[in-house]
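# Analysis of the macromolecular model
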Amino acid sequence: MSRRGENIRKRKDGRWEGRYYQKEQQTGKNIQHSVYARTYGEVKEKLSEAKLSMEKISKKYKKDTEISFGMVAERWLACIHNEKKHATYIKYYLVYQKHLCEKLGKLLFSELDHKTLAGVFQNPEQEAFSESLQKSISCVLNQILSYGVSHYSVRLLSYSGPGYKTGGKSVEVLNQSEQIRLLQYLYDEMDIYKLGIIICISTGLRLGELCALKWKDIDFEERLLHVNTTVQRIAAEGYKTKTILLEGEPKSNFSKREIPLSDELVRLLFLYQDPIGEYVINKKNPMEPRTYQNKFYRYLQFAGVKRKNFHILRHTFATNCISHGIDIKSLSEILGHSDVKITLNRYVHPTTEIKRKHMNSLSAIYGQLMGQ
């Protein structure tokens, strides 16, 4: 097999092959490449063109690695601002400003390594970051790094955080006794605010979804509740302490949904329907979530139930549905989840009573086998 020139050879099939090595930008490894032609002159020309192109890419890569993390982050945030919901943008913006900007903003991408990224999660003067905050920081950090790879050809780098605790805090639901005491209090001298609590424990609505619920979202004829909007208080961009009440679409496309209403709930809604008011809970304006959550705390106190987070109503609704035989797919759609796994892992919490019921069913089967 004849050879002529640098890394050029004639193959057994009669073609000429030229080989060259190029460093892969993301891994730093030298990868062999080949060009082919019918003559030595043609392959030499192709090889020269390939090497020239490789040099240009190498220069571009060197130039792009000189870009700072902060510059890439600002351009990524600009894209998020244009493509995502405003609430999502604000959340990412605050995470970057509070936890990434000072530590990484001025560093070049060529200066970043796993040790540097690990420093983001080190907070010696304060308490350790919560698991939720660690996940948020990791999410924003890796999205910025990924944006740098796709838009500036910098080397691939990611960091998953210091590791999350397993197990976590168990999620509570209202037990049967607590549900009875709460409902008895709500039905006693009921008003539209108390009815809002009944709506949530009967449909699984989120706090923000209830606060933004309008009368036009309730179809009395078809007995359906349409979830089209949500409301939440978010930080105002450019201010340290100022916040705004933002009304917009629910957290995901799956959260926009329709929920069948029970006959009892339709009856109550019809009784308290306001022909003038736009919003179910607060007439002309969406209800302030924090104000309504404080109402819920007072209702629990008056009902003799220990203070619980408002979201416990959603957990309780899901658990009640499971205990009464609803299928997971239907429940998942009612709750507005994209996957039934979310419903199972996050919102379905079998009570001791449900587990005992299943154990007694199993005991009955054994009794039948024994002829009892």
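Structure first, text after, so check above.
Here the structure is a predicted model, which is why all the values come from computation and not from measurement.

### Regarding the sheet that holds strand S5 (residues 224–227)
On the basis of which strands lie adjacent, the open sheet formed by three strands has the order S4-S5-S8 and antiparallel pairing. Bordering the open sheet on either side are strand S4 (218–219) and strand S8 (257–260), each of which pairs with just one other strand. When S5 meets S8, the two strands line up antiparallel, connected through four bridges. In the strand pairing of S8, His 226 is matched with Glu 258.

### Regarding helix H10 (residues 263–271)
Along H10, the residues classified as buried are Leu 265, Val 266, Leu 268 and Leu 269. Down the axis, H10 shows its buried residues gathered within 165° of arc, on one side only. Turned more than 90 degrees from where H10 packs its buried face, Asp 263, Phe 270 and Leu 271 sit exposed. Contact partners of the buried residues in H10: helix H7 (176–187), helix H8 (192–203) and S4.

### Topic: the side chain of Lys 308
With respect to the element layout, Lys 308 can be found in the loop between helix H11 (289–303) and helix H12 (312–323). Within polar-contact distance, the side chain of Lys 308 engages the side chain of Glu 172 at 3.4 Å. Every residue in contact with Lys 308, bar those within four places of it in the chain, is listed here: Glu 172, Leu 174, Glu 178, Phe 296, Tyr 297 and Leu 300.

### Some words on H12
Compared with an ideal rise of 1.5 Å per residue, which puts 12 residues at 16 Å, H12 spans 16 Å between its outermost C-alpha atoms and is within 8% of the ideal. With respect to burial, H12 is a largely interior element, nine of its 12 residues being buried. When we look at burial in H12, the residues that qualify are Ile 312, Leu 313, Arg 314, His 315, Thr 316, Phe 317, Ala 318, Thr 319 and Cys 321. After H12 finishes, the residue Gly 325 shows a positive phi value of roughly 90°.

### Brief notes about the environment of Ser 252
With respect to the helices and strands, the residue Ser 252 is situated in the loop between strand S7 (243–248) and S8. Exposure remark for Ser 252: the relative accessible area of 28% places this residue in the partly exposed category. In this structure the C-alpha to C-alpha distance between Ser 252 and His 337, which are 85 residues apart in sequence, comes to 8.6 Å. For Ser 252, the contacting residues outside a window of four places in its chain are Lys 85 and Gly 336.

### Looking at the side chain of Arg 257
Tracing the backbone shows Arg 257 in strand S8. Arg 257 gets classed as buried once you look at its relative accessible area, which sits at 8%. From its side chain, Arg 257 meets the backbone oxygen of Ser 255 in a polar contact 2.6 Å long. With sequence-adjacent residues up to four places away left out, Arg 257 is seen in contact with Gly 204, Leu 205, Arg 206, Glu 209, Leu 225, His 226, Val 227, Arg 314, Glu 333, Ile 334, Leu 335 and Gly 336.

### Things to note about the pattern of salt bridges
With the rule as written, the count across this model stands at 16 salt bridges. Arg 19 is the partner of Glu 17 in a salt bridge, and the nearest nitrogen-oxygen pair spans 3.1 Å. For Lys 214, the salt bridge goes to Glu 278, with nearest N and O atoms at 3.4 Å. A residue pair is termed long-range when its members are at least 10 positions apart, and Lys 214 in the loop between helix H9 (207–211) and S4 and Glu 278 in the loop between H10 and H11 qualify at 64 residues. Residue classification places Lys 214 among the buried positions, given a relative accessible area of 12%. You can call Glu 278 partly exposed: its relative accessible area is 39%. One salt-bridge network, in which partners are shared between bridges, spans Arg 9, Arg 11, Asp 13, Arg 15, Glu 17 and Arg 19.

How each quantity is defined
Residues numbered from 1 in each chain as written. Predicted model: local features only at pLDDT ≥ 70, side-chain atom pairs only at ≥ 80, totals over all residues. Heavy atoms only, no water. Pairing = 2+ DSSP bridges. Helix = DSSP H or I, 4+ residues; strand = E, 2+ residues; numbered from the N terminus. Buried < 20%, exposed > 50% of the residue type's maximum accessible area, 1.4 Å probe, protein only. Arc of directions from axis to C-beta. Contact = heavy atoms within 4.5 Å. Polar contact = N/O pair within 3.5 Å; in protein donor to acceptor, adjacent residues only side chain to side chain. Expected span 1.5 Å × (residues − 1). Salt bridge = Lys/Arg side-chain N within 4 Å of Asp/Glu carboxyl O.

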